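Architecture at a glance
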Amino acid sequence: MSEKLDRLTACLEEKIKGRIRSLRQACDELTLEVSAGDLPGVAGTLRRDPELGFDMLVDVCGVDYSAYGVTEWTTESSTAEGFSRGVEKSTFGRFTFDETPPASGRTGPRYAVVYHLLSLTHNHRLRIRVFCEDDEFPTMPSLVEVWNSANWFEREAFDLFGIVFNGHPDLRRILTDYGFVGHPFRKDFPLVGHVEMRYDPEQRRVIYQPVTITPRVLVPRVIRKDHRYLDDAAEEKSADA
Amino acid sequence: MPEIRNYTLNFGPQHPAAHGVLRLVLEMDGEVVQRADPHIGLLHRGTEKLAESKPYNQSIGYMDRLDYMSMMVNEHGYVKAIERLMGIEPPLRAQYIRVMFDEITRILNHLLWLGTHALDVGAMTMFLYCFREREDLIDCYEAVSGSRMHATYYRPGGVHRDLPGTMAQYEPSRWKSAADVKRLNESRSGSLLDFIEDFTRRFPACVDEYETLLTDNRIWKQRTVGIGVVSPERARQMGLTGPMLRGSGVAWDLRKKQPYAVYDRMDFDIPVGVNGDSYDRYLVRIEEMRQSNRIIRQCVDWLKANPGPVMIDDHKVAPPPREEMKADMESLIHHFKLFTEGYCVPEGEVYSAVEHPKGEFAVYLISDGANKPYRVKVRPPGFVHLSALDEMSRGHMLADVVTLIGSLDIVFGEIDR
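Here is a short report on the structure shown in this document. Throughout, residues of each chain are indexed from 1 in the direction in which the sequence is written. Labels are handed out in written order, letters beginning with A for the chains and numbers beginning with 1 for the ligands. Per-residue local features of the predicted model are confined to residues with pLDDT of at least 70, and side-chain atom pairs are confined, for both listing and counting, to 80 or more; whole-chain, interface and lining totals are unaffected and use all residues. Excluded from the side-chain calculation are hydrogens and water; included are all heavy atoms of the structure.

1. Focus: the overall build of chain A
Only DSSP runs of H or I covering at least 4 residues are called helices, and only runs of E covering at least 2 are called strands; the numbering of each starts at the N terminus. Looking only at helices and strands, one finds 4 helices and 9 strands in chain A. Reading the helices (α) and strands (β) of chain A from amino to carboxyl end gives α-β-β-α-β-β-β-β-α-β-β-β-α. It only takes one pair of heavy atoms within 4.5 Å for two residues to be counted as in contact. Nonlocal contacts in chain A, meaning residues at least 24 apart in sequence, comprise 57% of its contacts between residues at least 6 apart. For chain A, the exposed area adds up to about 12,200 Å²; of that, 51% sits on carbon and sulfur atoms. The accessible surface values rely on the Shrake-Rupley method and a 1.4 Å probe; as for residues, cover is taken only from the protein chains in view.

Okay, here's the thing in structure tokens:
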């Protein structure tokens, strides 16, 4: 498997030289990072070049990296606060619609779009990650012209993350309700949502009102850095290098 | 006489042929479809967002509810993603059990598809025939997990428990005489594997029976031949996978091309269509049921000869047995930690694809090292197939849209997620 990936890596380095931001191999998978401006050109090469031959785009996925590494429980030192330290409002499962979540301290762009490509002729896969340059108004060039299957996936990423795909023929919401406000998969969108819908017998119609349910996530989010995970991480890093 | 103009037709969301909650806005010219605009999302439950707020194991049950017609294959995709990130390998017996249940699920899915597709097109009998066999397979689900549909049976590191030695029996009642019960219980007297083996012996004849009703049926052919033709080039361009791609003549099957679990040890063939129309896709799926039956048979033979563990022995991932937990302090701590906090998955990302009955089902998992996933993206095959409906239905009659929806084999649990 890795031999095949090495060959693909070498091929990519040759064909899209100068446009690669990073090219990493992990878990038997190859991840390519390019800039948003280079994406349409790179995508065209990947699809048309006979040696690469990525004839299928299998998945497009938006990611919001703003809460990456945020935890709710200190694991490296002991505290005197008992279990209460686990139920403080911290990540998105716990805050209500009128609160703002804490920042992660992560620097770098917030939104990314991840593409998964598949080549039926050569039987290999590739992942492309492209970060959106502007956090306030994330945009990305559309790939519908290159692979038609991107159409609905891009609509989905727009709907759930608010990433605007330039050049998309029909960028409408797809999964959320008609008239929905906000982008629900962003990390600062509460799990309980903003509004709920019910039938009002007095007005004799369906109405929207602010949510009445309270957030309730019982298991705190924990990152453990004990020896088990450290060993794995160190091994992986040495394997990458 | 006034000129007939284009008009818009609303199809669904409450339509028996909409297979759930599909709302189609059809632009018609007379009875010919000019444009189809599917409105989806009426079943959107935010599975991916919910999974982000839960420890890894608690989301396995959500995977069942994605494509609620092929429950265990969804679990397989999710569980495999976690296993690959953690770098653990389930015991061989667990992998055989997974393959066997994946194929049982494939038959379950295709039976439901065949029954409802034929029902939409007008063949009522098929529905009854298919549900007769589904019942036996759902009993296998029940025997192994206690649940008839949403099994939550696959776990990271193996499967929840080994195959049971007995099957549930029928009891005489007002509706079932003693003689009936005796006949029904005949195949249930042994273990689950005996029951499945008996099923694999019966099933090919059942498929023959379905084929007698449909394959050469004049009406069936009139309704499906030449409807929704997709060329291999267009199929790739639109991202079609599974039987939709194979129906167009592309021999692509992840079980063969990128084998996972123990599919590389199985002997089976990939059926491929020629014309890429609804009829070819029907033939491909019918043949897939026969091939699944072959795989199940091979798994049963292996599982009968090779007892062994079905879960890895690492109690940082898999809970210790109940009896051990009651006597051993270490096991109690493991149990407590696993069920209150879960396990942390090393930082990284993985895309784990399986050959789902409907196409390529995949889970893209990003972990930041926490006990909950950072992002779970489900790659649903039906979502992509439904997006091709517009192109496939153009120029066809309104009644053919029903055939096409059936031929796409869509389930809204996975499309809307």
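2. Observations regarding the overall build of chain B
A tally of regular secondary structure across chain B gives 18 helices and 8 strands. A compact globule built from 417 residues would reach a C-alpha radius of gyration of about 22 Å, and chain B, at 23 Å, matches this within 12%. The principal-axis extent of the C-alpha atoms belonging to chain B is close to 90 × 60 × 40 Å. When a residue's accessible area, from a 1.4 Å probe over protein chains only, is under 20% of the maximum for its type it is buried; when over 50% it is exposed; and in between it is partly exposed. Out of the 417 residues in chain B, the part that is buried amounts to 60%. A total of about 15,500 Å² of accessible surface is found on chain B, and carbon and sulfur atoms cover 53% of it. The charged-residue count follows a simple rule in which Lys and Arg add positive charge and Asp and Glu add negative charge, with His and chain termini not counted at all. To locate a charge, take atom NZ for lysine, CZ for arginine, CG for aspartate or CD for glutamate. Counting 51 positive and 59 negative side-chain charges, chain B places the centres of these two groups 2 Å from one another. For this measure, only C-alpha atoms enter the radius of gyration; the expected value for a globule follows 2.2 Å times N^0.38, where N is the number of residues.

3. A look at the packing of aromatic side chains
Centres within 6.5 Å make a pair out of two Phe, Tyr or Trp rings, where for Trp the six-membered ring is used; the pair is then stacked when the planes are under 30 degrees apart, edge-to-face when over 60, and tilted otherwise. Under the definition given, this model contains 20 aromatic pairs over all chains. Ring geometry for Tyr-65 of chain A against Tyr-374 of chain B: centres 6.1 Å apart, planes inclined by 15 degrees, an arrangement best described as stacked. Of the two residues, Tyr-65 of chain A sits in the loop between β3 (56-64) and β4 (111-119) while Tyr-374 of chain B sits in the loop between β7 (359-367) and β8 (375-379), which places them in two different chains. Each of the two residues, Tyr-65 of chain A as well as Tyr-374 of chain B, counts as buried.

4. Some details on a negative patch on the surface
A residue counts toward a patch only above 30% relative accessible area and without a salt bridge, and it is joined to like-charged neighbours within 9 Å or, for Val, Leu, Ile, Met, Phe, Trp and Tyr, to nonpolar neighbours within 5 Å. Note on definitions: salt bridges are taken to be side-chain nitrogens of Lys or Arg within 4 Å of carboxyl oxygens of Asp or Glu. Among the surface-exposed residues, Asp-313, Asp-314, Glu-323, Glu-324, Asp-328 and Glu-330 of chain B lie close enough to one another that they form a single negatively charged patch. Structurally, the position occupied by Glu-330 of chain B is in helix α14 (residues 329-340).

5. Considerations on a nonpolar patch on the surface
Residue and element names in this part refer to chain A. A surface patch of nonpolar side chains, amounting to about 530 Å² of accessible area, comprises Val-195, Met-197, Tyr-199, Val-206 and Tyr-208. At the level of elements, β8 (195-200) and β9 (205-210) are the ones that each hand at least two residues to the nonpolar patch. In terms of residues, the nonpolar patch owes the most to one element, β8, which gives 3 residues. With respect to the secondary-structure elements, Tyr-208 resides in strand β9. For Tyr-208, a relative accessible area of 49% translates into the label partly exposed.

6. A look at the interface of chain B and chain A
Between chain B and chain A, the contact holds 64 residues from the first and 62 residues from the second. Accessible-area loss on putting two parts together, using a 1.4 Å probe and summing over both, is the definition of buried area adopted here. With both chains or domains summed, chain B and chain A bury close to 5,300 Å², and 54% of this area falls on carbon and sulfur atoms. Taken as a group, Lys-49, Gln-237 and Tyr-374 of chain B account for 15% of the area that chain B buries against chain A, more than any other trio of residues on that side. Counting every contact that joins chain B to chain A gives 12 salt bridges. Here Arg-236 of chain B ties to Asp-55 of chain A by a salt bridge, and the two come within 3.4 Å at their closest N and O atoms.

7. A short note on the environment of Pro-50 of chain A
By the secondary structure assignment, Pro-50 of chain A is in the loop between α2 (39-48) and β3. Residues Pro-50 of chain A and Thr-121 of chain A, spaced 71 residues apart in sequence, show a C-alpha to C-alpha distance of 9.2 Å.

8. Regarding the sheet that holds strand β2 (residues 23-29) of chain B
Residue and element names in this part refer to chain B. Spatially, 3 strands are ordered β1-β2-β3 in an open sheet, and the strand pairing comes out antiparallel. On the outer flanks of this sheet lie β1 (7-11) and β3 (32-39), each paired with one strand and no other. Recorded for the sheet is a direction-independent mean angle of 25 degrees between the axes of neighbouring strands. Relative to β2, β1 runs antiparallel, the two being bridged by 5 bridges. Residue pairing across strands places Phe-11 opposite Leu-24, the latter belonging to β2. Strands were regarded as paired on the criterion that DSSP finds at least two bridges between them. Fitted lines through C-alpha atoms give the axes, limited to the stretch in contact for helices. The angle between two N-to-C directions lies from 0 to 180 degrees.

9. Concerning the nonpolar core
Among the nonpolar cores identified, the biggest contains 94 residues, and Tyr-115, Ile-128 and Met-140 of chain A together with Ile-40 and Leu-386 of chain B are the most heavily contacted of them. Here the element with the most residues in this core is β4 of chain A; it accounts for 7 residues. When residues no more than four places from it in sequence are discounted, the contact partners of Met-140 of chain A are Ala-36, Leu-39, Val-113, Tyr-115, Val-130, Phe-131, Cys-132, Ile-163, Val-164, Phe-165 and Asn-166 of chain A. The set of buried Ala, Val, Leu, Ile, Met, Phe, Trp, Tyr and Cys residues whose side-chain atoms join them within 4.5 Å is what this entry labels a nonpolar core. Formed by 82 residues, the second largest nonpolar core is a distinct cluster that contains Ala-94, Ala-118, Met-266 and Tyr-343 of chain B.

10. Notes on the pairing of β8 of chain A
Residue and element names in this part refer to chain A. Relative to β9, β8 runs antiparallel, the two sharing 6 bridges. Directly across from Met-197, in β9, lies its bridge partner Tyr-208. Remark: 4 residues form the turn of the hairpin made by β8 and β9, two consecutive strands paired antiparallel; Arg-204 in that turn has positive phi of roughly 55 degrees.

11. Re the pattern of salt bridges
Oppositely charged side chains can form a pair if their charged atoms are brought close together. Under the definition given, this model contains 56 salt bridges over all chains. Glu-29 of chain A serves as the salt-bridge partner of Arg-127 of chain A, at 2.5 Å between the closest nitrogen and oxygen. Of this pair, Arg-127 of chain A sits in strand β5 (residues 124-131) while Glu-29 of chain A is found in strand β2 (residues 29-33), placing the two residues 98 residues apart along the sequence. Assessed through its relative accessible area of 10%, Glu-29 of chain A is described here as buried. With its nearest N and O atoms 3.1 Å apart, the salt bridge here joins Arg-93 of chain B to Asp-162 of chain B.

12. Quick word on the sheet that holds β8 of chain B
All names here are of chain B. Spatially, the 3 strands line up as an open sheet ordered β6-β7-β8, and their pairing is antiparallel. Because the sheet does not close on itself, it has two edges, and the strands there are β6 (348-356) and β8. Averaged over all adjacent pairs, the angle separating strand axes in this sheet is 10 degrees, with direction ignored. When β7 meets β8, the two strands line up antiparallel, connected through 5 bridges. Among the inter-strand pairings, Tyr-364 is bridged to a residue of β8, identified as Lys-377.

13. Some details on the side chain of Gln-237 of chain B
By secondary structure assignment, the location of Gln-237 of chain B is in helix α9 (residues 232-237). The contact partners of Gln-237 of chain B, leaving out residues within four places of it in the chain, are Arg-47, Val-146, Trp-147, Asn-148 and Ser-149 of chain A.

14. A short note on the environment of His-315 of chain B
Residue and element names in this part refer to chain B. By secondary structure assignment, the location of His-315 is in the loop between α12 (278-305) and α13 (322-327). According to the relative accessible area criterion, His-315 is buried, its value standing at 17%. Spatially, the C-alpha atom of His-315 lies 9.6 Å from that of Glu-330, the residues being 15 residues apart in sequence. Apart from residues no more than four positions distant in its own chain, His-315 is found in contact with Pro-320, Pro-321, Glu-324, His-334 and Leu-338. From its side chain, His-315 meets the backbone oxygen of Ala-318 in a polar contact 3.2 Å long. Between N or O atoms, a polar contact is any pair within 3.5 Å; within protein, one atom must be a potential hydrogen donor and the other a potential acceptor, and residues adjacent in sequence are included only when both atoms are from side chains.

15. Observations concerning the state of the cysteines
When the sulfur atoms of two cysteines come within 2.5 Å, that pair is taken as a disulfide. Here the structure, examined in full by the defined rule, presents 0 disulfides over all chains. No disulfide involves Cys-130 of chain B; its nearest neighbouring cysteine sulfur is the one of Cys-206 of chain B, lying 9.7 Å away. The thiol sulfur of Cys-344 of chain B is not disulfide-bonded, and the nearest other cysteine sulfur, from Cys-27 of chain A, lies at 16 Å.

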